[in-house]
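# Structural description and commentary
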Amino acid sequence: RRQRQMCIRDRYETGTDLKPLFDTIINYIEPPKGDENGPLQMLISSIDYNEYVGRIGIGRIERGSIKVNQQVSVCDYTETRQPYNSKIVSLLQIQGLNRVPVQEATVGDIVWISGIENVTIGDTICAVDCKEPIPFVKISEPTVEMTFSVNDSPFAGKEGKFVTSRQLRDRLFKELLRDVSLRVTETESTDSFRVAGRGEMHLSILIENMRREGYELAVSTPRVLFREDENGKKLEPIERLVIDVPEDCVGSVMEKMGTRKGELVEMHPQGSRMRIEFLIPARGLFGYKSEFLTDTKGEGIMSHVFEGYQRYKGDIERRNTGSLVSFETGEAVTYGLYNAQERGQLFIPAGTPVYEGMIVGASPKTEDLVVNVCKRKHLTNTRASGSDDALRLVPPRILSLEDCLEFLADDELLEVTPKSLRIRKRILSNTTRAKNRNK
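Below is a short write-up of the structure. (Residues numbered from 1 in each chain as written. Predicted model: local features only at pLDDT ≥ 70, side-chain atom pairs only at ≥ 80, totals over all residues. Heavy atoms only, no water.)

## Details of the overall build of the protein
The helix and strand tally for the protein stands at nine helices and 28 strands. Principal-axis analysis of the C-alpha atoms places the extent of the protein at approximately 95 × 65 × 55 Å. Nonlocal contacts in the protein, meaning residues at least 24 apart in sequence, comprise 70% of its contacts between residues at least 6 apart. In the protein, which carries 62 positive and 65 negative side-chain charges, the distance between the mean positions of the two groups comes to 4 Å. (Helix = DSSP H or I, 4+ residues; strand = E, 2+ residues; numbered from the N terminus. Contact = heavy atoms within 4.5 Å. Lys, Arg positive; Asp, Glu negative; His and termini not counted. Charge placed at Lys NZ, Arg CZ, Asp CG, Glu CD.)

Structure, rendered in structure tokens:
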């Protein structure tokens with residue numbers, strides 16, 4: 001076996017191109033099947049958007065051929081819309097890393113077509129005289145919602161190019177043109193929008209794309225979308241969770257699943273690891289990823305997919321830790337952080353600009369603690385020049401976008417800018433928050 005591996009390595013190590021890989025694909029993978037002379041049939045599997053040509057449908061031709069300026073019929077297998085006729089304005093194919101225009105394509109070709117205004121995923125492009133839609137699984141409805149609003153923190157407008165409500169609105173509604181599973185709803189406030197998607201990851205990808213484009217915004221904690229059955233009972237989205245962990249970590253996983261209303265479906269060993277399946281409410285997965293990696297020492301693998309709606313499973317504790325809240329606006333210094341790290345885990349290093357109401361760490365207690373990370377050591381006559389050298393800070397925990405969304409409490413917001421991620425309280429004033437809490 002080792003000699004064979006060495007021969008294979010020597011054979012391809014001196015290659016100058018990918019021809020051996022392409023030859024293997026041709027030899028082992030069957031060519032596309034379909035009647036090249038039959039009536040056109042093509043399933044739209046993805047969409048894109050261009051400001052010049054509008055919506056672009058992407059798919060593979062299953063039968064027949066397609067040409068520029070050809071009259072076609074657009075059908076839907078689920079029959080949610082009536083078939084209608086349209087015309088192919090442009091036709092593109094991939095060559096290398098570029099899209100190149102072509103006049104005609106045939107069976108097996110993956111093409112980009114434009115000219116059909118309302119084309120969406122699941123539509124079938126057919127010949128006008130042969131309407132035969134291809135079966136397609138209906139795209140599931142959104143299950144998780146977040147509120148996107150204008151950034152109104154003291155640092156607003158310092159790092160982003162697009163900061164107004166009009167720019168935020170235009171960007172969100174533009175996303176609807178290419179993401180058919182996203183829902184955007186305007187609220188009573190002109191500065192806030194409800195954005196619904198198929199999970200935390202779906203929405204976090206949108207947030208990350210927007211911050212890379214130069215947008216500033218504030219987002220709320222994720223919340224699930226409930227329904228009601230014919231008897232008025234509350235229904236909630238359920239996820240099928242598949243977990244692969246070492247055998248010695250099964251106990252901690254089962255304990256956490258119990259508190260999050262997870263229902264065990266299947267469990268079987270795979271070598272030295274265990275594969276476990278649960279049915280768990282979507283809200284039970286909020287904030288679990290970081291706990292899961294800690295409980296499994298980073299060796300666990302988890303994935304989940306939408307299962308359906310079931311009866312409400314009861315209350316689930318959202319978060320069992322509090323927040324360390326900045327006392328004043330300024331710059332975090334070593335002396336202030338050294339005193340604050342005794343109260344919990346810090347999220348920021350020294351030299352970080354902070355403002356009143358900003359979250360600078362996590363408290364092991366359930367209630368929030370106000371800390372002054374900007375506090376400096378008072379000068380005295382007996383102070384030596386090296387008296388601060390003994391202060392040693394614990395390395396802070398730097399949160400990613402997903403970590404921030406998992407950490408958010410109901411009374412907190414995530415400030416997203418092209419350069420920073422800051423967790424903050426909805427009400428920034430410490431005095432006002434204390435008065436409201438007492439009421």
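After that view, the rundown keeps rolling.
## Side note on the pairing of strand β9 (residues 110-114)
With respect to burial, β9 is a largely interior element, four of its five residues being buried. Sheet topology note: the strand β2 (residues 54-63)/β9 ladder contains five bridges and is antiparallel. Among the inter-strand pairings, I58 is bridged to a residue of β9, identified as W112. Two elements, strand β6 (residues 90-95) and β9, share three bridges in a ladder whose sense is antiparallel. Within β9, the residue paired with S90 across the bridge is S114. (Buried < 20%, exposed > 50% of the residue type's maximum accessible area, 1.4 Å probe, protein only. Pairing = 2+ DSSP bridges.)

## Points about the pattern of salt bridges
Within this structure, the stated rule accounts for 31 salt bridges. Between K33 and E30 there is a salt bridge, with the nearest N and O atoms lying 3.4 Å from each other. For K33, a relative accessible area of 65% gives the class exposed. The exposure class of E30 is exposed, given its relative accessible area of 58%. Between R171 and E175 there is a salt bridge; the shortest N-O distance is 2.8 Å. One end of the pair is R171 and the other is E175, both in helix α3 (residues 165-175) and four residues apart, which spans about a single turn. Beyond isolated ion pairs, a larger network of salt bridges with shared partners links K256, R260, E291 and D295. (Salt bridge = Lys/Arg side-chain N within 4 Å of Asp/Glu carboxyl O.)

## Quick notes on the side chain of R171
Using a relative accessible area of 8% as the deciding quantity, one classes R171 as buried. Look past the residues within four positions of R171 in its chain and what remains in contact with it is L206, N209, M210, E213 and Y215.

## A short note on empty space enclosed by the protein
Unfilled space is identified by rolling a water-sized probe across the atoms. A complete count under the given rule lists one cavity of 30 Å³ or more for this structure. By volume, the largest cavity amounts to about 30 Å³. Element by element, the count of residues in the lining of the largest cavity is highest for strand β4 (residues 71-76), at three residues. Residue composition of the lining of the largest cavity, by class: four nonpolar, one polar and three charged. (1 Å grid on protein atoms, 1.4 Å probe; cavity = no way out; pocket = protein on both sides within 12 Å on 5 of 7 lines; lining within 4 Å. Points joined across faces, edges and corners; volume = space filled by probe spheres on them. Nonpolar A, V, L, I, M, F, W, Y, C, P; charged D, E, K, R; others polar.)

## Describing the sheet that holds strand β21 (residues 322-326)
One open sheet holds the four strands; their spatial order is β23-β25-β21-β26, and the pairing between them is mixed. Only two strands of the sheet have a single neighbouring strand rather than two, namely β23 (345-346) and β26 (369-371). Sheet analysis places β23 next to strand β25 (residues 359-363), joined by two bridges and oriented antiparallel. Paired with Q345 across the strands is A362, a residue of β25.

## Points about the packing of aromatic side chains
The way to describe two aromatic rings as a pair is by their centre distance and the angle between their planes. Going through the model one piece at a time under the given rule, you end up with six aromatic pairs. Ring centres of F226 and Y312 lie 5.8 Å apart, and the angle between their planes is 70 degrees; on these two criteria the pair is classed as edge-to-face. Placement of the pair is F226 in the loop between β15 (223-224) and β16 (227-228) and Y312 in the loop between β20 (301-311) and β21, with a sequence separation of 86 residues. For F226, a relative accessible area of 38% gives the class partly exposed. Aromatic pair F306 and Y309: ring centres 5.9 Å apart, planes at 70 degrees, arrangement edge-to-face. (Phe/Tyr/Trp six-rings, centres within 6.5 Å; stacked < 30°, edge-to-face > 60°.)

## Here's the deal with the nonpolar core
In this structure, F148, L172, V219, V373 and L414 are the most contacted members of the largest nonpolar core, which totals 48 residues. When neighbours within four sequence positions are excluded, V373 is seen to be in contact with S326, E331, A332, V333, G336, L337, A340, V354 and V360. I66, I88, L91 and A127 belong to the second largest nonpolar core, which has 20 residues in total. (Core = buried A, V, L, I, M, F, W, Y, C linked by side-chain atoms within 4.5 Å.)

## Description of the sheet that holds strand β7 (residues 98-101)
Strand order across the open sheet formed by eight strands is β5-β4-β10-β1-β2-β9-β6-β7, with antiparallel pairing between neighbours. Looking at which strands have only one partner, the edges of the open sheet turn out to be β5 (84-87) and β7. The average undirected angle you get between the axes of adjacent strands in this sheet is 40 degrees. Alignment of β6 against β7, held across four bridges, turns out to be antiparallel. If you follow Q93 over to β7, its bridge partner there is V100. (Axes fitted to C-alpha atoms, helices over the stretch in contact; angles between N-to-C directions.)

## What to know about the packing of helix α5 (residues 250-259) against helix α6 (residues 288-295)
At a closest axis distance of 10 Å, the pairing of α5 and α6 adopts a crossing angle of 160 degrees. Taken together, the axis directions place α5 and α6 in an arrangement best described as roughly antiparallel. For α5 against α6, the interelement crossing comes out right-handed. The residues of α6 that touch α5, namely those facing S252, V253, K256 and M257, are Y288, E291, F292 and D295. Classifying every residue of the contact of α5 with α6 gives four nonpolar, one polar and three charged. (Parallel < 35°, antiparallel > 145°, perpendicular 65-115°, else oblique. Left-handed = near helix turned anticlockwise from the far one by under 90°.)

## Details of α3
Those residues of α3 that fall on the buried side of the exposure criterion are Q167, L168, R171, L172 and E175. An end-on view of α3 places all buried positions within 130 degrees of arc, on one side of the element. Elements in contact with the buried residues of α3: β11 (144-149), β12 (183-186), β13 (192-197), α4 (200-212) and β14 (217-219). (Arc of directions from axis to C-beta.)

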